[in-house]
Amino acid sequence: MGNVSFSCSHPQTVPVTFLSSRSYLALPGTVGEDKVSVTFQFRTWNRAGLLLTTQFQHGPVALVLVLNDGKLRLSLSQPGHTARDVTAGAGLSDGQWHSVSLSLKGNYLSVMVDGEAASVAHSLRGQIDSGDTYYLGGCPDHSSGPGCGGPLAGFQGCLRLISIGDKAVDPITVQQGSLGTFRDLQIDTCGLTDRCLPSYCEHGGECSQSWDTFSCDCAYTGYTGATCHSSLFEQSCDAHRHRGDSSGFYYIDSDGSGPLGPALVYCNVTEDTTWTSVQHNGSQLAKVKSLNGESPQPLFFKYTASPDQLQAIMDGADDCRQELVLHCKKSRLSTSRDGTPVSWWIGRTNETHTYWGGSLPGVQKCACGLQGNCLDSQYHCNCAAARNEWTSDTVVLSHKEHLPVTQVVMRDTGRPHSEAAYVLGPLLCSGDNSFWNSASFNTETSYLHFPTFRGELSADLSFFFKTTAPSGVFIENLGITDFIRLELHAPTEVTFSFDVGNGRCEVTVRSPTPFNDNRWHHVRAERNVKEATLQVDQLPSKTQAAPADGHARLQLNSQLFVGGTATRQRGFLGCIRSLRLNGLALDLEERATMTPGVDPGCPGHCSSYGHLCRNGGRCRERPRGIICDCAFSAYDGPFCESEISAYLGTGSSVIYDFQEHSNYTSSKNSSSFAALLHEGVTLAGEVATLSFRTTGTPSLLLYVSSFHEEYLSVILAPNGSLQIRYKLDRHQEPDVFNFGFKNFADGRLHQVTIHREEVVVSVEVDQSARRQVVLSSGAEFNAVKSLMLGTILEPPGADPDTLRAGVRGFTGCLSAVRFGPAAPLKAALRPSGPVVVTVRGHVATASRCAESAGPGAPAREATRPLAGGAGVIAVVVFVLLCLTAIAARIYQQRWLYQKNGSTVPPAGDSAETALKSEVNVQSSVSESQREYFF
């Protein structure tokens, strides 16, 4: 009965949108009130902005409400008084509606956000008198009011349910011009755009936004870029190798920007290949024994990479394998009656496999069965004979489609005294079939084509190129209006251009040196909804931002052209390799085999990667990469960087005979043999290097002799100073070079490099002190015979100082010893080839000579003896020899000082004076020698 309406009428809420930082809404206040009261609701994505400001009617008192770092701060300021601040709320820039109520009455200033209040006491001079104007969201231009003109920008977002005092504000009357003033507002709608729904942040990146843009937090994702698209990690261990990285644990991302994340692997970089090792949780010996007649539960192997990551690693490898060692005692792999397997292993696809290493799938033979050397010839595996003692089989599983092993099941352990055990090694994969996948483009009209490139919202392209041409298009894909292109625009310019409907966009990287130098250069381009970036080699990357609210989708429909264009103009001449689009590798070699004008593969890798071979190592070309040949280096390892060090005990020596390089035997008469050597091993110049660490003096570091009593000797004098002696004429005295008065027998590592070109000798010590002298004893080193390290009893034709140092020899650590192509320590410790080295006494492989405890510390080395004794007797003999040497040294010094009338310097003399005195004594022994002091 009566006026009934079957609906509920809700009050109409009219929001107001502040479109820019210059927007504002000015509303009148109630003049004369002794309180200030304002309420409203707001929503925004911005973390900061000016929300409200007003000035009291009487007195310069201002009230300012701002959003700062997602929190509200209400400030009350009065000249001559400290500002009173109230902070409330947190995380208010989340795009949700938040209610605000602020009031100033009596002695309290309060603000309430979403029902939670905060207040502070204040003291004002004079009475509170509400202002006549309230500015919301910003200030008019050139306003000098409170909160205006500062660094804080205006509010961008939406307001609604605004009340000033006790009166609600109707935004429609504002729009009609009958209430207040405004600028750049949108009334009766909230134009807030959620730019994180959907989120363009990839790989778990966290999206945050402001009024006009969004950003992605890529921390802890393993990816980088504006949308967390690009992986931070290399895609294989081969890539680490060709960056010069040594063996170690690395994260690799096999599919680059694809959906698979990075996996932790161990990269074992060897001389000829690189192994990727994926560890698992069962590397220890697993024992298998039945309890109470029940078979034990098999261990499930969990790898440090997910199944999909493992699949990607193996798909990209040339070869994969896994070693399994089986131990058995009265247990079998199969029954003796019908050969039914009672042991097996389970692979990646959860399939059971009963074959073992070294045989094809389906052939139940171990390696010993194929080689015919099993312990019992009736069986094809040692663990098939059920012997009463422990036996074992080492099997290598190498079928990639079945790896890795996820379980090993051994069931024949239920009989009395039967046991079994096994150890499963890591998954090992070698090679990277995409890193060296390449094609050579021989004509400007030749190209390869692939299916359309799909990268609507985000796309990345990466590849290596080398060329001698001044320009050419690497990659092009067209749409109806959209396109994407990468090209060598000029010898020093690489350009990335595209169009997604906003007009042509172009990013260019310029280099101070030309790119067409026939060396490999790496290009990586990325385009997403926020920006486009281009990087070439290690040059600074170039970035261009995408237009705000423009077209975002790249729509292509033609084939992808590699090495050319759809119009076949300005095609690329040269090589392209390791081409990846959105992390997926394209098989250039396979497509090149069926395309005229394009050849699979590219030669000439040493021009780009030869610098990785250090210390005299030589780069050798391979079809898929390079190797470093360390045959002519005193170092070894993948990059000839592994120091070869030896610890020489008292009385030990290493003798390297250059005659071993000759094809002539010792049956030849000595005169003809010397003549042949004179022709073959006469040097107009040479480079000699060595590093040493010792505390003993005098010491012979290096001695190179000849058939004509010519020689080079490097010694430490009794005072520890370094001396280099060249005698290149048997009828003249040697040239003697003294390297100052520094004591080089200080237990620290020192490096010496000697470079002679005819009569000019350059010497470098510890990579800093460099000196150059001119020889007077000759310009040719004739008939070089041998190189000696350590103790030399009677070096022919040597001067007295070299003789004394040769008798004392060398005790300590030597490394990186090289004379021309000869590396005596390497030949002694790593024997290979026809070179024969004579080793006498205790010479042992040492850890790096640089690993020292400090000056004067004993040389404690991790050694592997080559010759000589060991144990307590050796220690006793060593101590006795040391004591004898010390006594001889004391006697020798006393005799020399008495002979030359030397006296001990006064206590006030400097150490340098004492050292000079000792050097003068040594010099007086052979006054006819020509000496040079550096």
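Below is a short write-up of the structure. Bear in mind that the values here come from a model prediction, so they are computed numbers and not experimental data.

### Observations regarding the overall build of the chain
Okay, so step 1: Regarding its fold elements, the chain presents eleven helices and 64 strands.
Okay, so step 2: For the chain, the proportion of its 934 residues judged to be buried stands at 48%.
Okay, so step 3: Considering only intrachain contacts with a sequence separation of at least 6, the fraction spanning at least 24 residues in the chain is 67%.
Okay, so step 4: Working note: accessible area of the chain is about 43800 Å², and carbon and sulfur atoms make up 51% of it.

### Structural notes on the state of the cysteines
Okay, so step 1: A complete count under the given rule lists twelve disulfides for this structure.
Okay, so step 2: Between the sulfur atoms of Cys139 and its disulfide partner Cys148 the distance amounts to 1.8 Å. Its torsion about the S-S bond being -75°, the disulfide of Cys139 and Cys148 is classed as left-handed. As far as burial versus exposure is concerned, Cys139 and Cys148 are alike and both buried.
Okay, so step 3: Put simply, Cys201 and Cys216 are joined by a disulfide, and their sulfur atoms are 2.0 Å apart. On the sign convention where negative means left-handed, the S-S torsion of about -85° between Cys201 and Cys216 marks this disulfide as left-handed. Of this pair, Cys201 sits in the loop between strand E15 (185-187) and strand E16 (206-209) while Cys216 sits in strand E17 (residues 214-217), and the two are 15 residues apart along the sequence.
Okay, so step 4: Under the relative-accessibility criterion, Cys201 is labelled buried at 12%.
Okay, so step 5: In this structure Cys216 comes out as buried when scored by relative accessible area, which is 15%.

### Some details on the sheet that holds strand E26 (residues 352-353)
Okay, so step 1: A sheet is described by the order of its strands in space; here three strands give the open sequence E26-E25-E28, paired in antiparallel fashion. Each having just a single partner strand, E26 and strand E28 (407-410) make up the two edges of the open sheet.
Okay, so step 2: With four bridges connecting them, strand E25 (residues 343-346) and E28 associate as antiparallel partners. The residue bridging Ser343 from the neighbouring strand is Met410, located in E28.

### Some thoughts on the nonpolar core
Okay, so step 1: Grouped together as the largest cluster of nonpolar side chains are 45 residues, with contacts concentrated most on Phe692, Leu702, Val704, Leu722 and Leu789.
Okay, so step 2: The dominant element in this core, judged by the number of residues it contributes, is helix H9 (residues 824-829), at four residues.
Okay, so step 3: Ignoring anything within four residues of it in the chain, the contact list for Leu722 reads Leu701, Val714, Ile715, Leu716, Phe737, Asn738, Phe739, Phe744, Val752 and Val765.
Okay, so step 4: Listed in part, the 41 residues of the second largest apolar core include Ala263, Cys366, Cys383 and Leu427.

### Some remarks on the sheet that holds strand E35 (residues 483-490)
Okay, so step 1: Spatial ordering of the open sheet is given by E32-E41-E34-E35-E36-E37, a layout of six strands whose pairing is antiparallel. Across the chains shown, the open sheet's two edge strands, defined by having one partner strand only, are strand E32 (448-450) and strand E37 (505-510). Neighbouring strand axes in the sheet, compared pairwise and without regard to direction, differ in orientation by 15° on average.
Okay, so step 2: Sheet analysis places strand E34 (residues 472-478) next to strand E41 (residues 560-562), joined by two bridges and oriented antiparallel. The residue bridging Ile475 from the neighbouring strand is Val562, located in E41.

### Remarks on the pairing of strand E21 (residues 263-269)
Look at any regular strand and the pattern is simple: side chains alternate between the two faces of the sheet.
Okay, so step 1: Burial along E21 is one-sided: the face carrying Ala263, Val265, Cys267 and Val269 is buried and the face carrying Leu264, Tyr266 and Asn268 is not.
Okay, so step 2: Here five bridges tie strand E20 (residues 248-252) to E21, and the two strands are oriented antiparallel to one another. Directly across from Tyr250, in E21, lies its bridge partner Val265.
Okay, so step 3: Bridge count between E21 and strand E22 (residues 274-278): four bridges; the pairing is antiparallel.

### Quick word on unusual backbone geometry
Okay, so step 1: The linkage connecting Leu403 with the following residue, Pro404, adopts the cis geometry, with an omega of 0°.
Okay, so step 2: Cis rather than trans, the peptide bond between Thr697 and Pro698 has omega equal to -10°.
Okay, so step 3: Mapped onto the elements, Pro698 comes out in the loop between strand E51 (685-694) and strand E52 (699-706).
Okay, so step 4: For Tyr220, which is not a glycine, the phi torsion comes out positive at approximately 65°.
Okay, so step 5: The topology assignment puts Tyr220 in the loop between E17 and strand E18 (223-224).

Analysis parameters
- Residue numbers here run from 1 along each chain, matching the order of that chain's written sequence.
- Given that this is a predicted model, residues contribute local features only at a pLDDT of at least 70 and side-chain atom pairs are listed and counted only at 80 or more, while totals for whole chains, interfaces and linings are drawn from all residues.
- In computing side-chain values, all of the structure's heavy atoms are included and hydrogens and water are not.
- Labels follow the DSSP assignment, with helices taken as runs of H or I lasting at least four residues and strands as runs of E lasting at least two, numbered in each case from the N terminus.
- Working definition: with a 1.4 Å probe on protein chains only, accessible area under 20% of the residue-type maximum means buried, over 50% means exposed, and in between means partly exposed.
- Contacts between residues were defined by any pair of non-hydrogen atoms, one from each residue, lying within 4.5 Å.
- Note on areas: these come from Shrake-Rupley sampling with a 1.4 Å probe, and a residue is covered only by the protein chains present in the view.
- In this description, the term disulfide denotes a pair of cysteine sulfurs within 2.5 Å.
- Any two strands between which DSSP finds at least two bridges are classified as paired.
- Nonpolar cores are built from buried Ala, Val, Leu, Ile, Met, Phe, Trp, Tyr and Cys residues. Side-chain atoms within 4.5 Å join them into one set.
- Convention adopted: a line fitted to C-alpha atoms gives each axis, helices being fitted over their contacting stretch, and angles between N-to-C directions are expressed from 0 to 180 degrees.

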